[in-house]
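Here are the chains, one letter per residue:
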Amino acid sequence: MEEIFNQNLQKRVMRRVYAIWFLKQVGPILFLEMPVLLAVGLWEIARAFFVARIVENFITSVHSGSVMAIVNFVGSAIYSASDNLVPVAIAGISLGLFMILAYKLIRNFTQLVLIRI
């Protein structure tokens, strides 16, 4: 009976240890860095461009059913935004950093080993 109690106690303690480890490893990236980068990128996009019209045009190109229509839309959007290079650069860099942090976060989960034998 005492052995079962010790095993249950050990499981509860280890769950808390794993929860604390998780919060220390993942918390800052998940709750601080990623939302800030995403917010900066989206704020800059919304400030510099008429987002509703861009989304409407993109949906129209998607509904055309042609991959080339989507590629042409993206190409023309980037070409026409050349006079607004700074907002595009800020949005691209912040969204790129967001993707890098997301990759690192996913990599941490895939390399997670709870018990080493």
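Residues numbered from 1 in each chain as written. Predicted model: local features only at pLDDT ≥ 70, side-chain atom pairs only at ≥ 80, totals over all residues. Heavy atoms only, no water.

This next bit is on the overall build of the chain. Assigned secondary structure in the chain consists of 4 helices and 0 strands. Put simply, the chain has 117 residues, and 15% of those count as buried. Taking the contacts inside the chain whose residues are at least 6 apart along the sequence as the reference set, 76% of them involve residues at least 24 apart. Summing over all exposed atoms, the chain offers an accessible surface of approximately 9,500 Å²; the carbon and sulfur share of this is 70%. (Helix = DSSP H or I, 4+ residues; strand = E, 2+ residues; numbered from the N terminus. Buried < 20%, exposed > 50% of the residue type's maximum accessible area, 1.4 Å probe, protein only. Contact = heavy atoms within 4.5 Å. Areas by Shrake-Rupley, 256 points an atom, 1.4 Å probe, with all protein chains shown as cover.)

Here we come to the UniProt feature "transmembrane region" (unreviewed entry) in the chain. Feature annotation in UniProt places "transmembrane region" (unreviewed entry) on residues 20–46 and 85–106, given in this structure's numbering. The span residues 20–46 shows a helical share of 100% and a strand share of 0%, and its end C-alpha atoms are spaced 37 Å apart. Taken end to end, residues 85–106 has its terminal C-alpha atoms 31 Å apart, with 100% of it in helix and 0% in strand. (UniProt positions renumbered as here; feature names shortened; annotations may be inferred.)

When the terminal C-alpha atoms of helix H4 (residues 85–110) are compared, their 37 Å separation across 26 residues agrees well with the 38 Å that a helix rising 1.5 Å per residue should span. Those residues of H4 not exposed but buried are Pro87, Ala91, Ser94, Phe98, Leu101, Ala102 and Leu105. (Expected span 1.5 Å × (residues − 1).)

If you look at the biggest cluster of nonpolar residues, it comprises 8 residues: Val26, Ile29, Met34, Leu37, Phe98, Leu101, Ala102 and Leu105. Secondary-structure elements contributing two or more residues to this core are helix H1 (2–48) and H4. When sequence neighbours within four positions are dropped, the list of residues in contact with Ile29 reads Met34, Pro35, Leu101 and Leu105. (Core = buried A, V, L, I, M, F, W, Y, C linked by side-chain atoms within 4.5 Å.)

Attention shifts here to a nonpolar patch on the surface. Taken together, Val55, Phe58, Ile59, Val62, Val74 and Ile78 make up a surface patch of nonpolar side chains, about 480 Å² in accessible area. When contributions to the nonpolar patch are tallied by element, the ones reaching two or more residues are helix H2 (51–63) and helix H3 (67–80). Looking at the secondary structure, you find Ile78 in helix H3. Classification of Ile78 by relative accessible area gives exposed; the value is 59%. (Patch = residues over 30% accessible without salt bridge, like charges linked within 9 Å, V, L, I, M, F, W, Y side chains within 5 Å. Salt bridge = Lys/Arg side-chain N within 4 Å of Asp/Glu carboxyl O.)

Here we come to H3. The terminal C-alpha atoms of H3, which comprises 14 residues, lie 20 Å apart, in line with the 20 Å expected from a rise of 1.5 Å per residue. For H3, the side-chain oxygen to backbone nitrogen distance between the N-cap and Met68 is 3.2 Å, and the N-cap itself is Ser66. (Polar contact = N/O pair within 3.5 Å; in protein donor to acceptor, adjacent residues only side chain to side chain.)

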